[in-house]
Amino acid sequence: MNPIPWLRARRRRPALVLAALLAAAGLAAEAAYADANLVANPGLEALSANGFPLCWNAAGWGDNSYTFAVTGDAHSGASAMAITLTDRASGDRKAMMVEDPSCAPNVTPGHQYDLSVWYKTTTTSTVMTMFRHDTAAGWQYWTDLASLPVTAEFTEKTVRTPPIPPHTDQITWGVTVYDTGTLVTDDYRMVDVTQPTPGAACSAGEACTKGAWQVMPFTAPARAMHAVVLHDGNVLLVAGSGNDADAFAAGSFATALYRPYSGTFVNVPTPADLFCSGHVQLSDGRVLIMGGNKDYPSADGATGYRGLKESYVFDPATNAYTRLNDLNAGHWYPSATLLGNGDVISLGGLGEDSGGTVATEYYSAAQGRWLGLNETNQTWRFWGLYPSMILMQDGRLFYTGSHVFGDNLPGTGASIYDHAAGTVTDVPGLRRKDERDQSMSVLLPPAQDQRVLTLGGGNNVANPDAHRLTDVIDLKATAPAYTPGPPIPTGTLTGGVPQTEDQGKMYVSAVLLPDGLVFETGGGLHNRADPVYEASMFDPATNTFTAGMATDPMPRTYHSSAFLLPDGRVMAFGDNPGDGSFATHISIYSPPYLFRGARPQIRSVASTQWAYGSTQQITVDGPVLKAALIRPAAVTHSSDPNQRYVDLPMTVDGDGIGLNLTSNPNIAPPGWYMLFVVGANGVPSVAKWVHIS
Ligand SMILES: [Cu+2]
């Protein structure tokens, strides 16, 4: 994929073509085909800065002389692509779709696709060529599909692919010329023909409405229960001893850096047992980790898990941990919430003696250290284990009632904590507050609306069946109170046994998606047993669940999590059932929006450094309905209180779009975010990373 031949060809381009190029550059998009076309920039009308069609590149190999050119001699619109081989000893040349998550069409294993192209060629040595992205092995040549006959007039060729092989998530294809001659191509099209639905915008069958799961053909090298999405797109998977006392005794602690797009892992030396620690991404993109496991329970059962006082920072630039000053107390299962000023508050968990820790821990970003007990306000209150503390727009913290293990706190089970004033105010309305063990809470999209949804839960001591309750709260209200939400849809238990009307889930995951919906997945009827196979989509605008999303084939109970990847898919990992085993399988969910047609392309972002209250210019290859920032995940134990979706109201100005960032850092705490735009058919782009400060 060498760009140099293209640059050489540009110098030879006739003036007429240059004029056509300039005209085409002003076009926002080409809409030659219906929504079901999965090809990005199918008509080659959108051109990138180097003048080549967006999402396409000049490919090929061998000893030959050739030119690539954008030509005005198009089947439709202003541009087509011409390749001329003037001399050939070996190899070929082809215009190919770019092999990246944004441009390569998403596919479903087992499905078949019709690939169409309008072309004319002067040589019989012209063939359609296809590559596939293997989720374990990366990009590779798949097959040649058909030879294209010589024709002087634009002719359409359509071929049907074989069924997509297992472990394939994307393909690219194009037309190859491998002898002297000239090939011109235009108006590419790709539709899923597996279960054609006449008149429907989506032709991917069940995946159109339910999405689709793939279990990766490899396993994670660590019993990880913590995941942090880094701003380089990699995922930090932290295991520590992985809830394995033998590993702890051996001093064997693990962290794996996962590269989702190549399916590869890098083992990171891990200095302490970060098993069941707390974590949050700092505003500079490093990951702050606090607490963890000082020791496993004593053999006689007199002492439980003991909390670690240590704290570390993981730096994606070096893939290494650096030790900070110690916390004031041990914390096993602490919370971690980033504040609007970039500082962090951490609460709760078990201390070095296995009792509840009451110290409020405050990390100063400016000083790069944890403050002493007397340097920050203390309430001396025990907040429980992994208390879900969500930053409110006025800087206070909302304790949602979601926590891990046993009963909730005394009182109503939810409260507002004003750290600056040192006050805690109970919030009413949370139903079955003592059955919120391993429930999940999310700040609903958009963060500006300040509504929180709390889902499910149980109690690992009394051990009732987990329930289906959800409660919703509007934190903008004068006196905020939870009100009942719709019940989580029921699913099936092992063996396909349907749940009863009263059965729900604990250890449920909720993931904010770029289209503003919340994907709910995983969980079990009990803490470490009875996985529930059920997934649904919650719409904050209507307060309703859409039941019957595709379900993760893997059980996902205790020590599992799910989170959003920058390419718009959802990754699920982990499961630690009562027999002490640990599932290291990774599942990837493609939401329905990935089957509705080509993805919008963010062509340019004027700046990746965004100031609060600013308007940021981007260009996109077509109509855009909305734009949003999503904070990258830092998730464990059904808890990611920093997860948020920040709406970016748009100013539309000709070809460009202005995105208006909130002026309130409590709405969007500083740091790296994933910028998504959503196209006219509800399909989101792949994320671009931007930094807010
Ligand atoms: Cu744990």
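Per chain, residues are indexed from 1 in the order of the written sequence. Residues qualify for local features only when their pLDDT is at least 70, as the model is predicted, and side-chain atom pairs are given and counted only at 80 or more; totals for whole chains, interfaces and linings, by contrast, use all residues. In computing side-chain properties, one takes all heavy atoms of the structure into account and sets aside hydrogens as well as water.

(A) Region of interest: the overall build of the protein chain. When helices and strands are counted, the protein chain shows four helices and 54 strands. Taken over the C-alpha atoms alone, the protein chain extends approximately 85 × 55 × 50 Å along its principal axes. For the protein chain, the residues scored as buried account for 60% of the 693 residues in total. When checking whether two residues touch, look at their non-hydrogen atoms; a contact exists if any pair is within 4.5 Å. Within the protein chain, residue pairs in contact and separated by at least 24 positions form 63% of the contacts whose partners lie at least 6 positions apart. For the protein chain, the exposed surface amounts to about 23,200 Å²; the carbon and sulfur share of it is 53%. Helix numbering and strand numbering both begin at the N terminus, where a helix is a DSSP run of H or I of at least 4 residues and a strand a DSSP run of E of at least 2. Three exposure classes are used, based on accessible area relative to the maximum for each residue type with a 1.4 Å probe and protein chains only: buried under 20%, partly exposed in between, and exposed over 50%. Only the protein chains shown count as covering a residue, and every accessible area follows the Shrake-Rupley method with a 1.4 Å probe.

(B) How the structure looks around the coordination of the copper ion. Within the protein, Cys-276 (SG), Tyr-333 (OH), His-559 (NE2) and His-637 (NE2) serve as the donor atoms for the copper ion, at 2.0 to 2.3 Å. Metal-centred angles of 93 to 124° between the four donor atoms at the copper ion mark the site as tetrahedral. A donor here means an N, O or S atom no more than 2.8 Å from the metal, or no more than 3.2 Å when the metal is Na, K or Ca. Since water is not included, a site may seem to lack partners. Donor residues for the copper ion sit on one chain with the sequence pattern C-x56-Y-x225-H-x77-H. Placement of Tyr-333 in the loop between β21 (320–323) and β22 (337–338) and of His-559 in the loop between β41 (544–546) and β42 (561–564) is noted, with a sequence separation of 226 residues between them. By relative accessible area, His-559 is classed as buried at 0%. In short, tetrahedral needs four donors with all angles between 85 and 135 degrees, square planar needs four and octahedral six donors with opposite donors over 155 degrees apart and all other angles between 65 and 115, and whatever is left is irregular.

(C) Focus on the state of the cysteines. Throughout, a disulfide means two cysteine sulfur atoms within 2.5 Å of one another. Following the criterion strictly, the structure yields one disulfide and no others. A disulfide bridge connects Cys-55 with Cys-103, and the sulfur atoms are separated by 2.0 Å. Disulfide Cys-55-Cys-103: the torsion about the S-S bond is -70°, which places it as left-handed. One end of the pair, Cys-55, is in the loop between α2 (15–25) and β1 (56–61); the other, Cys-103, is in the loop between β4 (92–97) and β5 (113–121), with 48 residues separating them in the sequence.

(D) Structural view of a nonpolar patch on the surface. A cluster of nonpolar side chains, contributed by Val-358, Leu-373, Trp-380 and Phe-382, occupies part of the molecular surface with about 340 Å² of accessible area. Relative accessible area serves as the criterion here: at 30%, Val-358 is assigned to the partly exposed category. Like charges within 9 Å and nonpolar side chains (Val, Leu, Ile, Met, Phe, Trp, Tyr) within 5 Å are joined into patches, using only residues over 30% in relative accessible area that form no salt bridge. The rule for a salt bridge is simple: a side-chain nitrogen of Lys or Arg has to be within 4 Å of a carboxyl oxygen of Asp or Glu.

(E) Main features of empty space enclosed by the protein. Only protein atoms enter the 1 Å grid used here, on which a cavity is any set of points holding a 1.4 Å probe that cannot leave and a pocket is any open set flanked by protein within 12 Å on both sides along at least five of seven lines; residues with an atom within 4 Å of a point are listed as lining. Grid points are joined across faces, edges and corners, and a volume is the space filled by probe spheres set on the points. What the rule picks out here adds up to nine cavities of 30 Å³ or more. If you go around the largest cavity, the residues you meet are Gly-278, His-279, Pro-334, Ser-335, Ala-336, Tyr-386, Ala-634, Thr-636, Ser-639, Asp-640, Pro-641 and Asn-642. There is about 70 Å³ of room inside the second largest cavity. In this structure, the second largest cavity is lined by 13 residues; those nearest its centre are Phe-563, Leu-564, Ala-633, Asp-640 and Gln-643.

(F) Structural detail: the nonpolar core. Buried Ala, Val, Leu, Ile, Met, Phe, Trp, Tyr and Cys residues form a nonpolar core when they are joined through side-chain atoms within 4.5 Å. Judged by nonpolar contacts, the single largest core of 62 residues is most densely connected at Leu-237, Phe-519, Phe-563, Met-571 and Ile-586. Other than its neighbours up to four places away in sequence, Met-571 contacts Leu-237, Tyr-258, Ser-561, Ala-562, Phe-563, Leu-565, Ile-586, Ser-587 and Ile-588. Core analysis: the next-biggest nonpolar cluster, separate from the first, contains 35 residues, Leu-44, Cys-55, Ala-95 and Trp-142 among them.

(G) A look at the pairing of strand β24 (residues 361–364). Here β24 shows two buried faces, one formed by Glu-361 and Tyr-363 and the other by Tyr-362 and Ser-364. Paired strands are those between which DSSP finds at least two bridges. Two strands pair when backbone bridges link them, and strand β23 (residues 344–346) and β24 are joined in this way by three bridges, in the antiparallel orientation. Within the sheet, the bridge partner assigned to Ser-346 lies in β24 and is Glu-361. Bridge analysis of β24 against strand β25 (residues 369–370) gives two bridges, and the strand direction is antiparallel. When the sheet's bridge partners are listed, Ser-364 is paired in β25 with Arg-369. The turn joining β24 and β25, which pair antiparallel and follow one another in sequence, is formed by four residues; a positive phi near 65° is taken by Gly-368.

(H) Structural view of the side chain of Arg-631. Within the secondary structure, Arg-631 sits in the loop between β48 (624–630) and β49 (634–635). One buried charged residue, Arg-631, remains without a salt bridge, the closest side chain of opposite sign being Asp-640 at 7.2 Å. Side-chain polar atoms of Arg-631 contact the backbone oxygen of Gln-281, separated by 3.0 Å. Other than its neighbours up to four places away in sequence, Arg-631 contacts Gln-281, Leu-282, Leu-338, Asn-642, Arg-644, Pro-669, Pro-670, Gly-671, Trp-672, Tyr-673 and Met-674. Positive residues here are Lys and Arg, negative ones are Asp and Glu, while His and the chain termini are left out of the count. Under this definition, polar contacts are N or O atom pairs within 3.5 Å; protein pairs additionally need one hydrogen-donor-capable and one acceptor-capable atom, and for neighbouring residues in sequence, both atoms have to be side-chain atoms.

(I) How the structure looks around the sheet that holds β24. Read across the open sheet, the four strands follow the order β22-β23-β24-β25; overall the sheet is antiparallel. At either end of the open sheet lies a strand with only one pairing partner, and these are β22 and β25.

(J) Quick look at the sheet that holds strand β40 (residues 535–539). Read across the sheet, four strands follow the order β36-β37-β40-β41 without closing on themselves; strand pairing throughout is antiparallel. Looking at the sheet topology across the chains shown, the edges are occupied by β36 (509–512) and β41. With strand direction ignored, the average angle separating the axes of adjacent strands in the sheet is 30°. Note that β40 and β41 share three bridges and pair antiparallel. What sits directly across from Asp-539, in β41, is Thr-544. For helices, the axis comes from a line fit to the C-alpha atoms of the stretch in contact; other axes are also lines fit to C-alpha atoms, and the angle between any two N-to-C directions lies between 0 and 180 degrees.

(K) Representation of the pattern of salt bridges in the model. Under the definition given, this model contains 23 salt bridges. Among the salt bridges present, the one from Arg-160 reaches Asp-114, with a minimum N-O distance of 2.7 Å. With a gap of 46 residues between them, Arg-160 in strand β8 (residues 151–160) and Asp-114 in strand β5 connect regions that are remote in the sequence. Measuring nitrogen to oxygen at the nearest pair gives 3.6 Å for the salt bridge that ties Glu-206 to Lys-210.

(L) Layout of the packing of aromatic side chains. Stacked, edge-to-face and tilted are the three classes for Phe, Tyr and Trp ring pairs, Trp counted by its six-membered ring, which pair at centre distances within 6.5 Å; planes under 30 degrees apart are stacked, over 60 edge-to-face, the rest tilted. For the structure shown, the criterion picks out 31 aromatic pairs. Three or more aromatic residues link up through ring pairs in this structure, and these residues are Phe-248, Phe-253, Phe-275, Tyr-296, Tyr-305, Trp-332, Tyr-333, Tyr-386, Phe-405, Tyr-507 and Tyr-558. Over the ring of Trp-383 we find Arg-381; its NZ or CZ atom is 4.7 Å from the centre of that ring. Whether a charge sits over a ring comes down to the Lys NZ or Arg CZ being within 6 Å of the ring centre and within 35 degrees of the ring normal.

(M) Focus on the side chain of Asn-408. Within the secondary structure layout, Asn-408 lies in the loop between β27 (397–399) and β28 (415–418). Within the local environment of Asn-408, its side chain forms a polar contact with the backbone oxygen of Gly-401, the two atoms lying 3.2 Å apart. Of note is the side chain of Asn-408, whose polar atom sits 3.1 Å from the backbone oxygen of Gly-413. When sequence neighbours within four positions are dropped, the list of residues in contact with Asn-408 reads Tyr-399, Gly-401, His-403, Gly-413, Leu-430, Lys-433, Asp-434 and Arg-436.

(N) The arrangement of the pairing of strand β37 (residues 518–521) in detail. The side-chain alternation of β37 yields two buried faces, one formed by Val-518 and Glu-520 and the other by Phe-519 and Thr-521. Pairing of β37 with β40, which is carried by four bridges, proceeds in the antiparallel orientation. Along β40, the bridge assignment pairs Glu-520 with Ser-536.

(O) Region of the structure containing unusual backbone geometry. Residue Pro-446 follows Pro-445 across a cis peptide bond; omega there is -15°. Structurally, Pro-446 is set in the loop between β30 (440–443) and β31 (451–455). A positive phi angle, close to 80°, is found at Ser-354, a residue other than glycine. The exposure class assigned to Ser-354 is buried, which follows from its relative accessible area of 17%. Look at Asp-530: it is not a glycine, yet its phi comes out positive at around 60°. For Asp-530, the position within the fold is in strand β39 (residues 529–531). The class of Asp-530 is partly exposed, set by a relative accessible area of 34%.

Interpretation note: all reported values are geometric properties and have no functional meaning in isolation.
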